[in-house]
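# Descriptive structure summary
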Amino acid sequence: MLSSTLLFCFLLSSFKRGHASQYQHTVQISSLLPASVCNPSTKGNQHHLCLSPKHTDGYTQLYEIVHPKAHRPSLTLTHRYGSCSQISGGKASTPTLTEIFSQDRSRVKSIRSRLNFNSSKSNFQTSLATLPAIYGGSLSTGDYFVSVGLGTPKNDLSLIFDTGSTLTWTQCQPCVTSCYQQQDPIFDPSMSSTYSNITCASAECSHLVTATGVTPGCSGSTCIYGIQYGDQSSSVGFFGQETLTITSTDVFPGFMFGCGENNQGRFGRIDGLLGLGRDQLSFVSQTAQKYGQYFSYCLPARSSSTGTLTFGNSGAPSNLKFIPMLNTGTTFYFLDLTAIYLGGRELSISPTTFSTAGTIIDSGTVVTWLPPAAYRDLQMGFRQQMRMYPSAPSNSILDTCYDLSAYTTVTVPTVSFLFGGNVTVGIDPSGILYPLSSSQFCLAFTANSAASDVGIFGNFQQKTLEVVYDVAGGKVGFGPGGC
């Protein structure tokens, strides 16, 4: 018989997720919308066991015990535009839907450019004095941030966490050319007793080429980094090392990062970026001795809640299904996507459709970008199964939309991905429909421009999943009900 705690967890989970039949989800429309009041998740800090649904082909079927994260160092993940965020001082800075989708396009453009190493090098100059004025849009590096400490004494910084980037950087005093307005005081290395510059002649300086796609420069003997994003936003500064604090017991002296003194573009008051990609300079590699190149995260179902970013594999969940990473020699995490299931049925998509350019999983891209042929089949099938709902106008990159103003619940077909190794990952109901307003919702997938463009498993579809990166083991794991 279930204990009262386990029964409560089961009932709470069922209430939040809505009813799921074998091949459909019926959910409260209000549950797909962000709340105006912050409702932080406590799951990452629980000291009791909860029942979590195990998905097979995208629907709730079995139940198993999930171990808590209490013994692993964990940071709170907050959506920068959600009601739990203290960034930017409220709703006034929240981007419009047009801006959100434009930022997503820019990020995808940046990823494509970086996959083509020669084009990503471009003519960008790593000189503090000669960098031309750049007026870009938002950084487009992601939606979720964590708080870490830098320097001695410790300065608290709010950094976007990004699996698609490798270099960690923040703004630094003095601002030589330009600094944007950020949430916290700008880090001043001269006030820290543990900061030091990295020299041009060092091997670490030469590693910036793969980390940023830009050849580093020199100022005297000091290494200069530069990084430019798809929307032309940029950061240039000294490449240094400093003490990085994750928790009171997890402190990393000599952490290498970019100390930006010329930062241009609208960065949304975020203090910088925590790079979790595959590279020698990434946070994952620099903390490998302690964390074993192992980290995980869970993105909340709604931006009005919080998630977790967790390091190390001690006490990792037992209900994970692992997929091999493909070794492509890039900084991105490539997975072997082989099929898509809609409403329990495999869509008639040739496997070569996915293998032509491959698929990455990315924490910073919002919606999932599919090969044109794969998206066309998903779109047609979804429209057929949603034909009972009135359609609504498309919006930018989302073209399959519905007017649900007359409904309090909506029934959507299950969506799941089949990966190499015969591993199926079900998409949570919160990751299928994107809310344009309180009454209009769109299928949260879009099509690449060409079959040769890389596919991207976006963060909107990753919501509530425990996504585990075992970089040393060469695999990515997924488990349901992570937050």
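An unreviewed UniProt entry annotates the protein chain as Peptidase A1 domain-containing protein of Escallonia rubra. Under the UniProt heading Sequence similarities (unreviewed entry), the entry covering the protein chain gives this text: "Belongs to the peptidase A1 family."

## Quick notes on the side chain of aspartate 250
Positionally, aspartate 250 belongs in strand E13 (residues 250-264). The buried charged residue aspartate 250 lacks any salt bridge, with lysine 290 as its nearest oppositely charged partner at 4.1 Å. Within the local environment of aspartate 250, its side chain forms a polar contact with the side chain of threonine 249, the two groups lying 3.0 Å apart. A distance of 2.6 Å separates polar atoms of two side chains, one belonging to aspartate 250 and the other to tyrosine 291.

## With respect to the pattern of salt bridges
As enumerated under the stated definition, the model contains 4 salt bridges in all. A salt bridge links aspartate 453 to arginine 112; the nearest nitrogen and oxygen atoms lie 3.5 Å apart. Of the two residues, aspartate 453 sits in the loop between strand E30 (445-447) and strand E31 (455-457) while arginine 112 sits in helix H2 (residues 97-115), which places them 341 residues apart along the sequence. Owing to a relative accessible area of 14%, aspartate 453 belongs among the buried residues under this scheme. What makes arginine 112 partly exposed here is its relative accessible area of 25%. Of the charged contacts in the structure, one is a salt bridge between lysine 154 and aspartate 156, with a shortest N-O distance of 2.7 Å. According to the relative accessible area criterion, aspartate 156 is partly exposed, its value standing at 47%. Look at the salt bridges and you will find they share partners, linking Arg107, Asp162 and Asp362 into a network.

## Re the UniProt feature "active site" (unreviewed entry) in the protein chain
Mapped onto this structure's residue numbering, the UniProt feature "active site" (unreviewed entry) falls at Asp162 and Asp362. For this annotated set, covering 201 residues, all C-alpha atoms fall within 7.7 Å of each other, a compact arrangement in space. Structurally, aspartate 162 is set in strand E7 (residues 155-162). A distance of 2.5 Å separates the side chain of aspartate 162 from the side chain of arginine 107, its partner in a polar contact. Along the chain, aspartate 362 turns up in the loop between strand E21 (359-361) and strand E22 (368-370). Judged by relative accessible area, which is 1%, aspartate 362 ranks as buried. A distance of 2.5 Å separates a polar atom in the side chain of aspartate 362 from a polar atom in the side chain of threonine 365.

## Examining the confidence of the model for the protein chain
When pLDDT is averaged along the protein chain, the result is 85, and 83% of the positions lie at 70 or above. Throughout residues 45-69 the model reports pLDDT below 50, and contacts reaching past four residues in sequence, or to other chains, amount to 79 contacts. Taken as a whole, residues 118-124 scores under 50 in pLDDT and shows 15 contacts with residues more than four places along the chain or in a different chain.

## A few points about the pairing of strand E16 (residues 306-311)
Burial of E16 is extensive: 6 of the 6 residues sit out of reach of the surface. Where strand E5 (residues 74-79) lies against E16, 5 bridges are found, and the strand directions are antiparallel. Within E16, the position partnered with threonine 78 by the bridge is threonine 306. Note: strand E15 (residues 294-298) against E16, 4 bridges, orientation antiparallel. When the bridges of E16 are listed, cysteine 298 appears paired with threonine 308.

## So, the environment of alanine 35
By the secondary structure assignment, alanine 35 is in the loop between strand E2 (24-28) and strand E3 (50-56). In this structure, the C-alpha to C-alpha distance between alanine 35 and cysteine 84, residues 49 residues apart in sequence, is 9.9 Å. If near-sequence neighbours (up to four positions away) are discounted, alanine 35 is found in contact with Ser83, Arg302 and Ser304.

## Regarding the state of the cysteines
Counting across every chain of the model gives 7 disulfides. Between cysteine 172 and cysteine 259 runs a disulfide, and the two sulfur atoms are separated by 1.9 Å. Judged by the torsion about the S-S bond (-110°), the cysteine 172/cysteine 259 disulfide is left-handed. Residue cysteine 172 is found in the loop between strand E8 (169-171) and strand E9 (196-197), and its partner cysteine 259 is found in strand E13; the two are separated by 87 residues along the sequence. Residue cysteine 172 shares its accessibility class with cysteine 259, and that shared class is buried. Here cysteine 401 is linked by a disulfide to cysteine 442, with a sulfur-sulfur distance of 2.0 Å. In this structure, the disulfide formed by cysteine 401 and cysteine 442 twists by about 100° around the S-S bond and is classed as right-handed. Within this pair, whereas cysteine 401 is found in strand E24 (residues 401-403), its partner cysteine 442 is found in strand E29 (residues 440-443), the two being separated by 41 residues in sequence. You'll find cysteine 401 and cysteine 442 in the same group, each marked buried.

## Observations regarding H2
For H2, spanning 19 residues, the distance from its first C-alpha to its last is 27 Å, which sits close to the expected 27 Å at 1.5 Å a residue. Where H2 is concerned, the buried positions are Ile100, Phe101, Gln103, Asp104, Ser106, Arg107, Val108, Ser110 and Ile111. In the core, the buried residues of H2 are packed alongside E7, E21, E22, strand E28 (433-435) and E31.

## A short note on the sheet that holds E29
Taken together, 4 strands build an open sheet; the order of strands is E23-E24-E29-E28 and the sheet is antiparallel. Here the strands that pair on one side only, and so sit at the sheet edges, are strand E23 (391-392) and E28. Examined bridge by bridge, E23 and E24 share 2 bridges and lie antiparallel to one another. Looking across to E24, one finds that alanine 392 is bridged to cysteine 401. Against the sheet, helix H9 (residues 372-385) engages E24, E28 and E29, with an angle of about 135° to E29.

Calculation notes
Residues numbered from 1 in each chain as written. Predicted model: local features only at pLDDT ≥ 70, side-chain atom pairs only at ≥ 80, totals over all residues. Heavy atoms only, no water. UniProt positions renumbered as here; feature names shortened; annotations may be inferred. Helix = DSSP H or I, 4+ residues; strand = E, 2+ residues; numbered from the N terminus. Buried < 20%, exposed > 50% of the residue type's maximum accessible area, 1.4 Å probe, protein only. Lys, Arg positive; Asp, Glu negative; His and termini not counted. Salt bridge = Lys/Arg side-chain N within 4 Å of Asp/Glu carboxyl O. Polar contact = N/O pair within 3.5 Å; in protein donor to acceptor, adjacent residues only side chain to side chain. pLDDT = per-residue confidence, 0-100. Contact = heavy atoms within 4.5 Å. Pairing = 2+ DSSP bridges. Disulfide = S-S within 2.5 Å. Expected span 1.5 Å × (residues − 1). Axes fitted to C-alpha atoms, helices over the stretch in contact; angles between N-to-C directions.

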